[in-house]
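# Descriptive structure summary
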Amino acid sequence: MKYIVISKLAPGVDNAQKALEVFQRAGLPPGSEATWAGTDGKTFVNVVETDAPDITTAATYAPFFAESTVIPVVPLDGAWLEAIQAAQSNWG
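Calculation rules
- Residues numbered from 1 in each chain as written.
- Predicted model: local features only at pLDDT ≥ 70, side-chain atom pairs only at ≥ 80, totals over all residues.
- Heavy atoms only, no water.
- Helix = DSSP H or I, 4+ residues; strand = E, 2+ residues; numbered from the N terminus.
- Polar contact = N/O pair within 3.5 Å; in protein donor to acceptor, adjacent residues only side chain to side chain.
- Contact = heavy atoms within 4.5 Å.
- Patch = residues over 30% accessible without salt bridge, like charges linked within 9 Å, V, L, I, M, F, W, Y side chains within 5 Å.
- Areas by Shrake-Rupley, 256 points an atom, 1.4 Å probe, with all protein chains shown as cover.
- Salt bridge = Lys/Arg side-chain N within 4 Å of Asp/Glu carboxyl O.
- Buried < 20%, exposed > 50% of the residue type's maximum accessible area, 1.4 Å probe, protein only.
- pLDDT = per-residue confidence, 0-100.
- Pairing = 2+ DSSP bridges.
- Axes fitted to C-alpha atoms, helices over the stretch in contact; angles between N-to-C directions.

## Quick word on the side chain of Thr 43
- Assignment of secondary structure puts Thr 43 in strand β3 (residues 43-49).
- Here Lys 8 takes part through its side chain, which lies 2.9 Å from a polar atom of the side chain of Thr 43.
- Ignoring sequence-local partners within four residues, the contact set of Thr 43 consists of Ile 6, Ser 7, Lys 8, Ala 37 and Gly 38.

Printed below as a string of structure tokens:
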């Protein structure tokens, strides 16, 4: 399963330095792949692919971020499109 994680760094230079130190030691769970993009030096967009989301990893980095948003990525197949079109037709 793929997830998009958008994290905003908590204020303070120490948070950025400590988060990097922890990431260099802990990394990601085994079998996970991630692509990172920084937008403004404070906001990080991460696309993670993993078979088993690990709550321990999220807890490891949580103290360094003011907020994080996790969005599951689902394939856009025919059934998904039909469900969206049906929902949209009910929107008023």
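Past the structure itself, the notes keep going.
## Here we look at a nonpolar patch on the surface
- Together, Met 1, Val 74, Leu 76, Trp 80, Leu 81 and Ile 84 make up a nonpolar patch on the protein surface, roughly 540 Å² of accessible area in all.
- Tracing the backbone shows Ile 84 in helix α3 (residues 78-89).
- A relative accessible area of 38% places Ile 84 in the partly exposed class.

## Digging into the confidence of the model for the protein chain
- Averaged over every residue, the pLDDT of the protein chain is 79; the share at 70 or more is 87%.
- Highest mean pLDDT in the protein chain belongs to α3 (88); lowest belongs to helix α2 (residues 55-61) (67).

## Section: the sheet that holds β3
- Strands sit in the order β2-β3-β1-β4 across an open sheet of four strands; the sheet is antiparallel. Each end of this open sheet is capped by a strand with a single partner; those strands are β2 (33-38) and β4 (65-73). The sheet shows a mean angle of 15° between the axes of neighbouring strands, taken without regard to direction.
- In the sheet, strand β1 (residues 2-9) pairs with β3 via seven bridges, with the strands oriented antiparallel. Looking at β3, one finds that Tyr 3 is bridged to Val 48.

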